[in-house]
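# Residue-level structural notes
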Amino acid sequence: MNTKETLNDSILNDLKKISNAIRKDIIEMIYSAKSGHPGGSLSSADIVTALYFHIMNHNPKDPFWAGRDRFILSKGHACPSLYAALAESGYFDVSELKNLRKPKCLLQGHPCTMTPGIEISTGSLGQGLSIATGIALGLRLDGSSSKVFALLGDGELQSGQIWEAMMAAPNFKLGNLTAIIDRNNLQIDGPTEKVMPLEPLKSKIESFNWQVYEIDGHNIREIIQTINRGFKITDKPKMIIAHTVKGKGVSFMENNVSFHGKSPNDEEYRIAMKELEANS
Amino acid sequence: MTGFGVPRDAYGEILSELGETRKDIVVLDADLSSSTKTSSFGKKFLTDSLMLA
């Protein structure tokens, strides 16, 4: 599936509807499972929408199609966002989403390769950028024109392994690699800048020789245009710092660290769905 | 602390108890102080708790 039409208002409207549907799926899934991570799932919904419904070449009917672009969800705990995108694009039935985190279910609490469309098991934080770097290098050795995308959490940038990959990818001039940071400023124990400061983040990553962009991670037009602009630079990996709001779309979850890893209760579920319905 | 309970709760509580009498205990944590329950030690003994996330 690939929609390479020029980005017009009609396409953008469709993408916004999809990202809202994904947000509703996220709330439904986590409420049904009674556990999971709504905050970082909601903050990444627009990025995942832009990738799966406009940018990436992929085929839900043939998950291992050799020509596909690869997506690595390094912040694996945000998988409800990815599962919703996979279901909405046809990898499996949307009705499967309600089984999130149930024993023997297709959809585990963190991404697992048993799920169609999942490239590799993730969620052990800090590993995804190295994995994406290896895949990008392998694709280049194979002469493939496929691209690799990695979605990183900001909290996991505190893991040392991230910075090994930060050194390696520019060394290998991996122009086929685009990494996106879901910069929502919060991690499970509080604000990133209080736990272990990341700033100045842009200049830090630039000093590792990445092409770095800073964008509004909820503006789907800006996400798509920035990724496309990055494709023109073929001798450097691209890092997009996407400024987002944790819990985006549900008022009482926004910027509220307590919803990093907590399911909404009955009343919260009802309010959340009502708010998202109003955006449909 | 005695009886049955959640292991992580017991771990956190006992660490806090030990902190009262032992001056040679420092707790290291990496962004999971709420999950591993080391946060109660951290709140009581600020200077003996290091977040290494």
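Use the structure listed above.
Notes on the structure follow. Residue numbers here run from 1 along each chain, matching the order of that chain's written sequence. Here chains are named by letter from A upward and ligands by number from 1 upward, in the order in which they appear as written. The predicted nature of this model means local features are confined to residues of pLDDT at least 70 and side-chain atom pairs, given and counted, to a pLDDT of 80 or more, with totals for whole chains, interfaces and linings taken over all residues. Side-chain descriptors were evaluated using all non-hydrogen atoms of the structure, hydrogens and water having been removed beforehand.

### Considerations on the overall build of chain B
Helices and strands together make up the secondary structure of chain B, namely two helices and two strands. Listed by position from the N terminus, the elements making up chain B come as α-β-α-β. In summary, chain B has a C-alpha radius of gyration of 11 Å against a globular reference of 10 Å for 53 residues, a match within 12%. Along the longest, intermediate and shortest principal axes, the C-alpha atoms of chain B span 30 × 25 × 15 Å. For every residue, the accessible area obtained with a 1.4 Å probe (protein chains only) is divided by the maximum for its type, and the residue is called buried under 20%, exposed over 50%, and partly exposed between those limits. Buried positions account for 26% of the 53 residues belonging to chain B. In what follows, a contact means two residues having at least one pair of non-hydrogen atoms within 4.5 Å. Summarising the internal contacts of chain B: among those between residues at least 6 apart in sequence, 38% fall at separations of at least 24. Just so you have it, chain B exposes about 3,700 Å², and 62% of that area is on carbon and sulfur atoms. Looking at chain B, you have 6 positive and 8 negative side-chain charges, and the mean spots of the two groups are 2 Å apart. Under the DSSP-based scheme used, a helix requires at least four consecutive residues in state H or I and a strand at least two consecutive residues in state E, with every element numbered from the N terminus. Computation of the radius of gyration draws on C-alpha atoms, with the globule rule given as 2.2 Å multiplied by the number of residues to the power 0.38. With residues, only the protein chains shown are counted as cover, and all accessible areas are computed by Shrake-Rupley using a 1.4 Å probe. Positive charges come from Lys and Arg, negative ones from Asp and Glu, while His and the chain ends are left out of the count. Charge positions come from single atoms, namely NZ of Lys, CZ of Arg, CG of Asp or CD of Glu.

### Quick notes on the interface of chain B and chain A
Every contact between the two is made by nine residues of chain B and, on the other side, six residues of chain A. Taking both sides of the interface into account, the surface hidden between chain B and chain A amounts to around 580 Å²; carbon and sulfur atoms contribute 46%. In what follows, salt bridge is the name for a side-chain nitrogen of Lys or Arg lying within 4 Å of a carboxyl oxygen of Asp or Glu. Taken together, the connections running from chain B to chain A amount to zero salt bridges. By the criterion applied in these results, polar contacts are pairs of N or O atoms within 3.5 Å in which, for protein atoms, one can donate a hydrogen and the other can accept it, and in which residues neighboring in sequence qualify only through two side-chain atoms. In this structure, the connection of chain B to chain A is made through five residue pairs in polar contact (both at pLDDT 80 or more). By buried area we mean how much accessible surface two parts lose on assembly, using a 1.4 Å probe and totalling the loss over both.

### Here's the deal with the sheet that holds strand β1 (residues 70-73) of chain A
Residues and elements named next belong to chain A. Strand pairing is defined by DSSP finding a minimum of two bridges between the two strands. Strand order in this open sheet of five strands is β1-β2-β3-β7-β6, and the pairing throughout is parallel. For this open sheet the edge positions go to β1 and β6 (211-216), each flanked by a neighbour on one side alone. Neighbouring strand axes in the sheet, compared pairwise and without regard to direction, differ in orientation by 20 degrees on average. Two strands pair when backbone bridges link them, and β1 and strand β2 (residues 148-153) are joined in this way by four bridges, in the parallel orientation. To get an axis, fit a line to the C-alpha atoms, keeping to the stretch in contact for a helix; angles then go from 0 to 180 degrees between the N-to-C directions.

### Topic: helix α3 (residues 45-55) of chain A
Summarising burial for α3(A): eleven of the eleven residues are buried, a large majority. Every buried residue of α3(A) is listed here: Ala45(A), Asp46(A), Ile47(A), Val48(A), Thr49(A), Ala50(A), Leu51(A), Tyr52(A), Phe53(A), His54(A) and Ile55(A).

### Regarding the side chain of Arg68(A)
Residue and element names in this part refer to chain A. Along the chain, Arg-68 turns up in the loop between α3 and β1. Residue Arg-68 is classed as buried on the basis of its relative accessible area of 9%. Reaching out from Arg-68, the side chain makes a polar contact with the backbone oxygen of Phe-64 at a distance of 3.2 Å.

### Side note on the pairing of strand β3 (residues 177-183) of chain A
Residue and element names in this part refer to chain A. For β3, the buried fraction is high: seven of the seven residues fall into the buried class. Of the two faces of β3, the one carrying Leu-177, Ala-179, Ile-181 and Arg-183 and the one carrying Thr-178, Ile-180 and Asp-182 are both buried. Two elements, β2 and β3, share six bridges in a ladder whose sense is parallel. Each bridged residue has a counterpart across the sheet, and for Phe-149 the counterpart in β3 is Thr-178. In this view, the connection linking β2 to its parallel neighbour β3 by way of helix α6 (residues 160-171) has right-handed handedness. The pairing of β3 with strand β7 (residues 238-243) spans six bridges and is classified as parallel. In the sheet register, Ile-181 faces β7, and the bridge partner there is Ile-241. Here, the term right-handed applies to a crossover whose path from the first strand over the helix to the second runs clockwise when the strands point away from the viewer.

### A word on the packing of aromatic side chains
All names here are of chain A. Any Phe, Tyr or Trp ring, taking Trp's six-membered ring, that has another such ring centre within 6.5 Å forms a pair; planes under 30 degrees apart are called stacked, those over 60 apart edge-to-face, and the others tilted. Taken as a whole, this structure holds six aromatic pairs over all chains when the rule is applied. On the numbers, 5.6 Å between centres and 80 degrees between planes, the contact of Tyr-52 with Phe-71 is edge-to-face. Of this pair, Tyr-52 sits in helix α3 while Phe-71 sits in strand β1; the two residues are 19 residues apart in sequence, bridging distant segments of the chain. Considering the side-chain rings of Phe-149 and Phe-231, the 6.2 Å spacing of their centres and the 65 degrees angle between planes classify their relative orientation as edge-to-face. Taken together, the positions of Phe-149 in strand β2 and Phe-231 in helix α9 (residues 220-231) put the pair 82 residues apart, joining distant regions of the chain. Above the face of the Tyr-31 ring, Lys-34 is positioned so that its terminal group lies 3.7 Å from the ring centre. Cation placement over rings: the criterion is NZ of Lys or CZ of Arg within 6 Å of the ring centroid and within 35° of the ring normal. The positively charged end of Lys-147 is found above the aromatic ring belonging to Phe-231, 4.5 Å away from the centroid.

### Some thoughts on unusual backbone geometry
For the peptide bond that leads from Glu199(A) to Pro200(A), omega is 0 degrees, which places it in the cis range. Checked against the element boundaries, Pro200(A) lands in the loop between α7 (192-195) and α8 (201-206). You will see that Asp31(B), though not glycine, has its phi angle at about 60 degrees, which is positive. Here Asp31(B) is to be found in the loop between β1 (27-29) and α2 (39-44). A positive phi angle, close to 70 degrees, is found at Lys37(B), a residue other than glycine. Structurally, Lys37(B) can be placed in the loop between β1 and α2.

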